Amino acid sequence: RIEFDVSAKEKVIKAETPVELKVAGKFLYGAPASGLQLEGDMLVAPAASGRPGYPGYQFGVEDEQTASNERTPIENLPEADAYGVATFPVSLAKAPTSTQPQEAQIFIRMVETGGRAVERKLVLPVAPTAAQIGIKPLFGDKSVAEGDKAEFDVVFVSPDGKQLSRDGLRYELLKMESRYQWYRQNSSWEYEPVKSTKRVADGDLTLTSDKAARVSVAPEPGRYRLDVKSNEADGPITSVQFDVGWYSDGSADTPDLLETSIDKPEYTSGD
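Residues numbered from 1 in each chain as written. Predicted model: local features only at pLDDT ≥ 70, side-chain atom pairs only at ≥ 80, totals over all residues. Heavy atoms only, no water.

1. Observations regarding the overall build of the protein chain
Piece 1. What the protein chain contains, in helices and strands, is zero helices and 16 strands.
Piece 2. In terms of overall dimensions, the protein chain is more spread out than a globule: its C-alpha atoms have a radius of gyration of 26 Å, far above the 18 Å expected for 271 residues.
Piece 3. In terms of overall dimensions, the protein chain has C-alpha extents of about 90 × 60 × 30 Å along its principal axes.
Piece 4. The 271 residues of the protein chain split such that 35% are buried. (Helix = DSSP H or I, 4+ residues; strand = E, 2+ residues; numbered from the N terminus. Rg over C-alpha atoms; globule rule 2.2 N^0.38 Å. Buried < 20%, exposed > 50% of the residue type's maximum accessible area, 1.4 Å probe, protein only.)

Below, the structure written as C-alpha cells:
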C-alpha cells in the first residue's frame, strides 16, 4: 500500500502557461515509493466556490451551457525517483470559453507494481483572460419576500483578482415568463415551452476600485434576471436569477397536468 501527496507551486493555472506539480509518495511501511509510474488527467469545470476573494459574488451568465465533463489525459508523466518524488509540468491547452469562473481538477494516480493505483485530486482556479463583472445578491436562497427590495452589490475584477474602476456599465432587470404552446401531432396533443423576458427596470453604473456599487429594485412577485453588462458587443456580462414572493416555475420544461372528466354523456352543438 502507498500514500502520496500532490502539490503545486502556483495558486492558479493559466492557459498555455505550465504549472509545476510535485508528487511525493511512500509505502505505508515507510520506504519511499521509488520507481512507481504516474498517470493523470484533467477536468475543467465551473468553479464550485466562485472566484477566490469574492465570497457570495457571481460572475458570468448564470444559465450558460457548460462543456462536457470529459477528462483530458496528461501525457508523458515520469516515474517517481529513488526518494519517491516526481516533478512535472501541467498546462491548459487553451483558455475556457465560459463566462463563469472555472477550475482545473487535476487527478494524479500512482501505480503500484501489482497494478493497483492510488489517486489524489488537486484543484487550481483557472485565471480568467479578461476582467469580469461580479454581482452579489444581498438576500438568501435566491428569493426576496413580496414587498421587499432586491439589492445587489456590483464590482469589476481584474484577472489577477484586483477590484477595478469601470464606467460605461448598465444594469437591466428582466421579468422572466414561461408559457406552453400546445399543438396536435399524430392524433395526440404535444407541447413546447415558450420563454420570454420583459424589461422592467434599467440604469447606468459607474464602479470604483474601493467599494461595490449598489443596485436596488422593488419588483412585483415573479421570476427575474438581473443583467449587468458593458456597452461593447463583446464586453463582460454577468446575470443573476431570483424570485420575488411565493413564485414557482414548476419542474423543468413540463406544464402542470391534471385529470379531467365530462359531466354529461353527450352534448348538443353549441354547448
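2. Things to note about the sheet that holds strand β8 (residues 117-126)
Piece 1. Spatially, the four strands line up as an open sheet ordered β5-β3-β7-β8, and their pairing is antiparallel. The two strands at the open ends of the sheet, each matched to only one other strand, are β5 (72-73) and β8.
Piece 2. Bridging between strand β7 (residues 102-111) and β8 involves ten bridges; their strand directions are antiparallel. Residue E103 lies in a different strand from β8, and its bridge partner there is P125. (Pairing = 2+ DSSP bridges.)

3. Some points on the pattern of salt bridges
Piece 1. For the coordinates displayed, the defined rule picks out 19 salt bridges.
Piece 2. Of the charged contacts in the structure, one is a salt bridge between E232 and R166, with a shortest N-O distance of 3.2 Å. Taken together, the residues E232 in the loop between β15 (222-230) and β16 (237-244) and R166 in strand β12 (residues 166-185) connect sequence positions 66 residues apart.
Piece 3. Among the ionic pairs, D202 bridges to R170, the shortest N-O distance being 3.0 Å. Taken together, the residues span a long stretch of sequence, with D202 in strand β13 (residues 188-207) and R170 in strand β12 at a distance of 32 residues.
Piece 4. Residue classification places D202 among the partly exposed residues on the basis of a relative accessible area of 32%. (Salt bridge = Lys/Arg side-chain N within 4 Å of Asp/Glu carboxyl O.)

4. Concerning the side chain of R109
Piece 1. Residue placement: R109 occurs in strand β7.
Piece 2. Within the local environment of R109, its side chain forms a polar contact with the side chain of E119, the two groups lying 3.0 Å apart.
Piece 3. Contacts of R109, omitting those with residues within four sequence positions, involve F4, Q37, L38, E39, G40, D41, R71, A117, V118 and E119. (Polar contact = N/O pair within 3.5 Å; in protein donor to acceptor, adjacent residues only side chain to side chain. Contact = heavy atoms within 4.5 Å.)

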